[in-house]
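A structural walkthrough
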Amino acid sequence: MRKIMAIIVFLSIALGVFLFMGRGNSDIIVYIDDMQTVVEREDILAMSNGISFPAVVRSSGSKPVETEYTGVWIMDFLKHLGIEGDFDTITFNASDGYRVMLSGEELKEPGNVYLAYMRDGEDLKSRERGGNGPYQLVIRSDPFSQRWIKHVDEMRID
Ligand SMILES: Nc1nc2c(c(=O)[nH]1)N[C@H]1C(S)=C(S)[C@@H](COP(=O)(O)O)O[C@H]1N2
Ligand SMILES: [Mo]
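Everything quoted here is computed from the prediction, not taken from an experiment.

Considering the sheet that holds strand S10 (residues 152-157)
Reading across the sheet, the five strands line up as S2-S1-S10-S5-S6 and stay open at both edges, with mixed pairing between neighbours. Edge positions in the sheet fall to strand S2 (35-40) and strand S6 (99-103), since each has one partner strand and no second. Within the sheet, the average angular offset between the axes of one strand and its neighbour, ignoring direction, is 20°. Bridge analysis of strand S5 (residues 89-94) against S10 gives five bridges, and the strand direction is antiparallel. Bridged to threonine 91 within S10 is arginine 156. The strands touched by helix H2 (residues 41-48) within the sheet are strand S1 (27-32) and S2, with S2 carrying the most contacts at an inclination of about 75°.

As structure tokens, then:
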């Protein structure tokens, strides 16, 4: 009996770890003034209507690759949180400490800044799993992709 209990406990822990690792952290925390909103992956998938666009990816040490990203336009993302145009800048933070601030002007440019969650029809993998995700900010006017923030997990709206 104790053996069976031990096996059940072990399997539950293993399953928990597996699910945790598999998901990575797929929430984005949005800060506005003193308020903090947690946006979950299913919210992001529901708001995007699956917009896809081509992009050339230049990663250090490899040739440029033509790919297709899928994501939500940043202004549509904000609109779903009740944020329209009343901000000057947004600071994007990544889980590895990378940080980029973008101006409202640039963010409002139609079809430029996207919060991407898929590349070539596959979910972006987390940093732990060797990917650029689970979310990557893609700035289409930025051909050398220095500001294409990988692993975005926070946004501060000012
Ligand atoms: N989170 C995060 N995003 C990042 C970076 C980084 O170090 N961390 N580097 C930037 C730079 S300098 C480039 S050129 C592109 C591509 O980086 P890669 O060559 O490592 O793929 O990602 C950008 N986004
Ligand atoms: Mo770079």
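Focus: the site of ligand 1
Near ligand 1, the surroundings consist of 13 residues, among which Ser59, Ser60, Asp96, Trp148 and Lys150 are the closest. A distance of 2.6 Å is found between an oxygen atom of ligand 1 and a side-chain nitrogen or oxygen belonging to serine 59. Take aspartate 96: an N or O atom from its side chain is 2.8 Å from a nitrogen atom of ligand 1. Look at ligand 1: alone it shows 520 Å² of surface, and the protein chains cover 71% of it.

Overview of the pairing of strand S7 (residues 113-119)
Burial analysis of S7 places five of its seven residues in the buried class, the great majority of the element. Sheet analysis places strand S4 (residues 65-73) next to S7, joined by five bridges and oriented antiparallel. Bridge pairing links tryptophan 73 to tyrosine 114 in S7. Relative to strand S9 (residues 136-139), S7 runs antiparallel, the two sharing four bridges. Its bridge partner lying in S9, valine 113 is registered against isoleucine 139.

The rules we used
Residues numbered from 1 in each chain as written. Chains lettered and ligands numbered in written order. Predicted model: local features only at pLDDT ≥ 70, side-chain atom pairs only at ≥ 80, totals over all residues. Heavy atoms only, no water. Pairing = 2+ DSSP bridges. Helix = DSSP H or I, 4+ residues; strand = E, 2+ residues; numbered from the N terminus. Axes fitted to C-alpha atoms, helices over the stretch in contact; angles between N-to-C directions. Contact = heavy atoms within 4.5 Å. Near = heavy atom within 4 Å. Polar contact = N/O pair within 3.5 Å; in protein donor to acceptor, adjacent residues only side chain to side chain. Areas by Shrake-Rupley, 256 points an atom, 1.4 Å probe, with all protein chains shown as cover. Buried < 20%, exposed > 50% of the residue type's maximum accessible area, 1.4 Å probe, protein only.

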